[in-house]
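# Inside the fold
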Amino acid sequence: MKLLLIEDEQELAKSIQEYLNGNEFVCEWTNKFSTALDKISNYDYDCILLDLMLPDGNGLELLTELKKQNKTDGVIIISAKETLDSRIEGFNLGADDYLTKPFHLSELLVRIQALIRRKQFSGNNIVTFNEIEIDLQSKTVKVNHKLVEMTKKEIDLLLYLIGNHNRVLSKGAIAEHLSGDMADMLDNHDFVYAHIKNLKKKLKSANAVDYIKTVYGLGYKWQNE
Amino acid sequence: MSKKLLHKTQQIYLIFAIVIFIVIAPIFYIFSRWMYINNIDETLVDYKEDFIEKMLPKLTEENLSVWNNFNTTQQIKQYYPIKRDTIFYTTYFSEIEQELEPYRELETPIKIGENKYIFTTKISLFESEDLIISIAFLFFILITLLLIVLGIITNKISIKIWKPFYENLAQFEAFQIDNPNKLHLKQTNIEEFNRLNLSIEKLIQNNYIIYENQREFVENAAHELQTPIAVFKGKIDILMQRSDITKGQAELLESLNNSIARLNRLNKNLLMLSKIEKNTLNEITSFQIKEVIEKQLEFFKEQAIQKNIHIESHINSVINITANKGFTEILFSNLFLNAIQHNVINGNISIYIAKNKLTISNTGISATIKSESLFNRFSKISTSEKGNGLGLAIVKKIVDLNNWSISYSYKNNLHSFTITF
């Protein structure tokens, strides 16, 4: 998968690249509006990560340009500016998602995956990891082709863990993912433990491999043995 | 104690009127009496001159006793040494009234033949006392009427003149710095009022600029902080993926993670405050309080489980409000979070809705909370690391924005926040 990262903050760009490059992604980076414009005209990307405030231009104009060229690249806006206006304007101009800085890299990764899934599969939308199958359409989980009862939140957590497989995820990152808009308020992430425990139990009773590992002091990890 | 302007003028007027009465009344009485006596004295002198001119030349010592018998008010007495024309007060017994009557009497030495005599003439003052009292009484009534009418007129004029002042005053009282456009000052044809309005408008304008600058500063500072926080967060995420992390390093990372999360929350809350202060009163919809609470409860019940806190709700009335739904959600989530954060293990939270009031009560640690500073920014209730001191400030801002009111109380070991819609 080819990604284009348009971000003027070099250190953040390096972190994003490092986190994404390990996966199935190849992530190109530019910090200039002009270079970005060249790149989107010449290549097709599976996903574009777009910072709105660039030193030589406004990120929103890039969206207009994409539309003009009839490009269907998925776009996730990553911006420090979070006003309703900029959000609405972004979506109106054809952005697919909006992530406000600061975010966890793991969150960015699952958003990219979700976007690519939406773009690539229309209708039949299934995520598979070894014996586990998640049907995003019907919101069901199967282990070894057998249905496992799971809540919406547990499926969400499962997708997040699988999306970030072989990555250590902090409790805070998981809490932010699970609580969405409410994330900024929480200072207690203990509820993550309860969710992880439930998920582990359900997967175990369905005879799935115990992929979820506890990493001391850091959090959890979905590990493919 | 300050008094109302109108009361003040009325009071001064009343004091002034009483003083006038006390001072003027005796002066008037004395003056009019003096005038009257003066007049009588002149008459007495006239009588005397008339006597000296017309009667005296005809009088002889022989017909003196006859003359005396025929005159009641004028008498000729035996001489005793006096100065010319002595006028004095005296009393005579009246046979008709059977009492002593006051008189004004004139004595003057005269000569009949070779012998000296004293001529006396007198005027009764009996009638005059009544007259003076009547005049004084009339005067009182006139003065009183005048003062009353004057008082009413002054009052009416004061009310009329100060009317624009009071109207503007009401506007100043309702004025909020985050909403400067609502001030429509009443222009008058009184220079001082217009000057006052002008200077207040100027003052407000200046303050608004300062306020706006400060708000923008907080907003910009918080926005600018987002990027370095994002970098920090990203670097930690990357660092955590290293396979050679020791136990000690993991603990350090966890603590860094918590700190950065706190910093992030603080920053987001500052942004939220500045957003509310910006008063984007758009996106106003009508909805039920219940609907918002139920949505929030679903999330917070999960949080409460961690402390084994029991949440119960008693919804006894339907409150429909018209407000920004997003802000209202933030209001309740802050209150719920507050109730969970400052609660004890195995505690309770209850939500009451009755009439137009909503109360959220929670058990918690003992109550030494200064309620007046409770809603200020960065005023922390406990020394625990929980909360950043902005949650309740945000609550207050949203409450103020919608013209609701919020109060805090501590009763029966329960901390309660009540919002009146």
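None of the values given here were measured: they were computed from a predicted structure.

So, about the overall build of chain A. Along its length, chain A carries eight helices and 14 strands. In terms of overall dimensions, chain A is globule-like: its C-alpha atoms have a radius of gyration of 18 Å, near the 17 Å expected for 225 residues. Dimensions of chain A, computed from C-alpha atoms along their principal axes, come out at roughly 55 × 40 × 30 Å. Counting the 225 residues in chain A, one finds 51% classified as buried.

A few words on the domain arrangement of chain A. All names here are of chain A. Domain assignment breaks chain A into domain 1 (2-120) and domain 2 (126-222). Here domain 1 and domain 2 have C-alpha centroids that lie 26 Å from each other. The partner domain 2 presents 13 residues to the 10 residues of domain 1 that form the contact. Carbon and sulfur atoms supply 45% of the area buried between domain 1 and domain 2, which totals about 930 Å² over both sides. The interface formed by domain 1 and domain 2 holds zero salt bridges in total. Summed over the shared surface of domain 1 and domain 2, the number is six residue pairs in polar contact (both at pLDDT 80 or more). Ranked by residue count, the leading element in the side of domain 1 that touches domain 2 is helix H5 (residues 105-120), at six residues. When grouped by side-chain class, the residues that make up the side of domain 1 that touches domain 2 number three nonpolar, five polar and two charged.

On to the interface of chain B and chain A. On the side of chain A, 39 residues touch chain B, which itself brings 37 residues to the contact. Note on chain B versus chain A: buried area summed over both sides is about 3600 Å², and carbon and sulfur give 59% of it. Among the residues chain B hides against chain A, the three largest losses belong to Ile238(B), Arg265(B) and Phe299(B). Together they make up 15% of the total. Our count for the chain B to chain A interface comes out at three salt bridges. Of the charged contacts, one joins Lys235(B) and Glu11(A) as a salt bridge, the two residues approaching to 2.9 Å between their closest N and O atoms.

Attention shifts here to a nonpolar patch on the surface. Residues and elements named next belong to chain B. A contiguous nonpolar surface patch, about 730 Å² in accessible area, is contributed by Leu14, Ile15, Ile18, Val19, Ile22, Val23, Ile24 and Ile27. In this fold, Ile24 is placed in helix H1 (residues 5-55). Under the relative-accessibility criterion, Ile24 is labelled partly exposed at 34%.

Residues and elements named next belong to chain B. Spatial strand order, E1-E4-E3-E2: four strands in an open sheet with antiparallel pairing. Two strands bound the open sheet, and with one partner strand each, they are strand E1 (74-78) and strand E2 (86-94). The average angle at which neighbouring strand axes cross in this sheet is 40°, direction not considered. Taken together, the 10 bridges between strand E3 (residues 99-112) and strand E4 (residues 115-124) define a ladder with antiparallel strand orientation. Bridge pairing in E4 links Lys111 to Lys116.

Rules behind the numbers
Residues numbered from 1 in each chain as written. Chains lettered and ligands numbered in written order. Predicted model: local features only at pLDDT ≥ 70, side-chain atom pairs only at ≥ 80, totals over all residues. Heavy atoms only, no water. Helix = DSSP H or I, 4+ residues; strand = E, 2+ residues; numbered from the N terminus. Rg over C-alpha atoms; globule rule 2.2 N^0.38 Å. Buried < 20%, exposed > 50% of the residue type's maximum accessible area, 1.4 Å probe, protein only. Domains from an automatic or database assignment. Contact = heavy atoms within 4.5 Å. Buried area = accessible area lost by both parts, 1.4 Å probe. Salt bridge = Lys/Arg side-chain N within 4 Å of Asp/Glu carboxyl O. Polar contact = N/O pair within 3.5 Å; in protein donor to acceptor, adjacent residues only side chain to side chain. Nonpolar A, V, L, I, M, F, W, Y, C, P; charged D, E, K, R; others polar. Patch = residues over 30% accessible without salt bridge, like charges linked within 9 Å, V, L, I, M, F, W, Y side chains within 5 Å. Areas by Shrake-Rupley, 256 points an atom, 1.4 Å probe, with all protein chains shown as cover. Pairing = 2+ DSSP bridges. Axes fitted to C-alpha atoms, helices over the stretch in contact; angles between N-to-C directions.

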